[in-house]
Amino acid sequence: AHTDADFTHLERLRVLTVLDSVGPSPPRDYGAPEAFVPVHGDRLPLLLSLYRLAIVYVWLDVCQDCDEMRAALDGVLDGSESEVALLSVYGPDCAELLHEEYGVPGGPATLFVLDGEVDARLYGAHYEGTVESEVQTLRELG
């Protein structure tokens, strides 16, 4: 029997993604950055408890700032960040949870999470340099 410790974080995320994608309502993915794994917002508390370092991108439909931030994230993160879980959430599907648990008033929002707690937040669109700086800070803290 395998335990949770037998799997890498990428393997865990892949299993979750497969399970969610065959479920009755897979998470929205068309606004997510390429390297990010789309998840249902109600899964965030569990996922963030599993990973020491995580980046969560919250997005909306028809949102120019979301498109710009997604492009900045795509420019900085390519999925090779094995030490950082990259998760994306469609904000309107869990707006109350995002607001109450993580202080997210809307989208786009990018959360930099250390040990299950939000360490830094970026609201709105930001340049790649800003994103890169926050990613580096998160890595250094972890």
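Residues numbered from 1 in each chain as written. Predicted model: local features only at pLDDT ≥ 70, side-chain atom pairs only at ≥ 80, totals over all residues. Heavy atoms only, no water.

**Student:** Quick question: what am I supposed to make of the overall build of the protein here?
**Tutor:** Of the regular secondary structure elements, the protein holds five helices and five strands. Overall, the protein shows an N-to-C arrangement of helices and strands of α-β-α-β-α-β-α-β-β-α. For the protein, buried positions account for 42% of its 142 residues. Long-range contacts, defined as pairs at least 24 residues apart, comprise 71% of the intrachain contacts of the protein with a sequence gap of at least 6. (Helix = DSSP H or I, 4+ residues; strand = E, 2+ residues; numbered from the N terminus. Buried < 20%, exposed > 50% of the residue type's maximum accessible area, 1.4 Å probe, protein only. Contact = heavy atoms within 4.5 Å.)

**Student:** Which parts of the structure should I look at to understand the pairing of strand S3 (residues 85-90)?
**Tutor:** In summary, the side chains of a regular strand alternate between the two faces of the sheet. Along S3, six of the six residues are buried, which leaves the element largely enclosed by surrounding structure. Along S3, one buried face is formed by Ala85, Leu87 and Val89 and the opposite face, lined by Leu86, Ser88 and Tyr90, is buried too. Sheet analysis places strand S1 (residues 37-38) next to S3, joined by two bridges and oriented parallel. Bridging across to S3, Pro38 finds its partner in Ser88. Pairing analysis gives six bridges linking strand S2 (residues 53-59) to S3, with the strands arranged parallel. Note on S3: the bridge partner recorded for Tyr57 is Ser88. In this view, the connection linking S2 to its parallel neighbour S3 by way of helix H3 (residues 64-76) has right-handed handedness. (Pairing = 2+ DSSP bridges. Right-handed = clockwise from strand over helix to strand, strands pointing away.)

**Student:** How should I be thinking about unusual backbone geometry in this particular structure?
**Tutor:** With the exception of glycine, the majority of residues adopt a negative phi angle, and the majority of peptide bonds are in the trans configuration. Between Gly107 and Pro108 the backbone carries a cis peptide bond, its omega angle lying at 0°. Looking at where Pro108 falls in the secondary structure, it is placed in the loop between helix H4 (95-102) and strand S4 (109-114). The residue Asp115 is not glycine, and still its phi comes out positive at about 55°. Structurally, Asp115 is set in the loop between S4 and strand S5 (117-123). What makes Asp115 partly exposed here is its relative accessible area of 47%.

**Student:** So what exactly am I meant to see when it comes to the side chain of Ser88 here?
**Tutor:** Mapped onto the fold, Ser88 is located in strand S3. Here Ser88 is in contact with Ala32, Pro33, Phe36, Val37, Pro38, Val39, Tyr57 and Trp59, once residues within four sequence places are set aside.

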